[in-house]
Amino acid sequence: SFNYERIITKNGLVNFAAKIGGFYVPIAQYNDLKIANGSFEVNMLIGRRSHLFTMGFGWAGYYGQWYSEKQQEVRNYGIPTSTFNMHYRFQKPKHSMFFQVGFTSTTLLGFASDDLVEMAIGNAVIYGMDLIFGEKPNFTVPSIGIGYSF
């Protein structure tokens, strides 16, 4: 994904930043699959100099489109999510490359489809899990990133 992050405060030990970004991946070999994402996050950066601990939350929307050979039509899907992340970031104070490693946790908030039956089933699963287990479906994945600070 490509992201733009702007540090809003420069208070020394604790700072806050906002990040916006997304991605688009077309995979023609798999039934003309297209996947896109847009995200917004607010991050807290803790540390001095080059070693930072980052923690943030935000929202992301995913869009998928593919051609269903069984139904002989293009199918469209959308999934809104909330995100939480924690990373270690190595970033020199001046303009330079940075590296971060950590994890991102994502919670599904809903399911949209151009087929009303699929949409009803998808949302019944999400909200049914919330009712039964006390939380919506979620997953946590390791994440790494590189970037450049201007």
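Criteria and cut-off values
- Residues numbered from 1 in each chain as written.
- Predicted model: local features only at pLDDT ≥ 70, side-chain atom pairs only at ≥ 80, totals over all residues.
- Heavy atoms only, no water.
- Helix = DSSP H or I, 4+ residues; strand = E, 2+ residues; numbered from the N terminus.
- Buried < 20%, exposed > 50% of the residue type's maximum accessible area, 1.4 Å probe, protein only.
- Contact = heavy atoms within 4.5 Å.
- Phe/Tyr/Trp six-rings, centres within 6.5 Å; stacked < 30°, edge-to-face > 60°.
- Lys NZ or Arg CZ within 6 Å of the ring centre and 35° of its normal.
- pLDDT = per-residue confidence, 0-100.

Enquirer: If you had to explain the environment of Ile121 to someone new, which residues and values would you point to?
Expert: Following the sequence through the fold, Ile121 ends up in helix 1 (residues 116-133). Between the C-alpha atoms of Ile121 and Phe111, which are 10 residues apart in sequence, the distance is 8.9 Å.

Enquirer: Tell me about the side chain of Thr83, residues and numbers included.
Expert: Among the secondary structure elements, Thr83 is positioned in strand 5 (residues 73-91). For Thr83, a relative accessible area of 10% gives the class buried. In this structure Thr83 touches Glu41, Gly56, Phe57, Gly58, Trp59, Ala60, Ser105 and Thr106, once residues within four positions along its chain are discounted.

Enquirer: Tell me what's going on with the packing of aromatic side chains, and back it up with residues and numbers.
Expert: Aromatic ring pairs are reported here in terms of the distance separating the ring centres and the angle at which the planes meet. Scanning the entire structure with this criterion turns up four aromatic pairs. Ring plane angle 85° and centroid distance 5.8 Å describe the contact between Phe57 and Trp59, whose orientation is recorded as edge-to-face. With a relative accessible area of 45%, Phe57 lands in the partly exposed category. Among the residues examined, Trp59 registers a relative accessible area of 45% and is labelled partly exposed. Centroid distance Tyr77 to Phe111: 5.8 Å. Interplanar angle 35°. Geometry classified as tilted. You can see Tyr77 sitting in strand 5 and its partner Phe111 sitting in the loop between strand 6 (96-108) and strand 7 (112-113), a full 34 residues away along the chain. One residue, Arg89, lies across the ring of Phe98, its end atom 4.8 Å from the ring centre.

Enquirer: Outline the confidence of the model for the protein chain, supporting the account with residue identities and numerical values.
Expert: Looking at the protein chain, pLDDT values average 91 and 100% of them are 70 or higher. Taken element by element, the protein chain is modelled with least confidence in strand 1 (residues 2-7), mean pLDDT 89, and with most confidence in strand 7, mean pLDDT 96.

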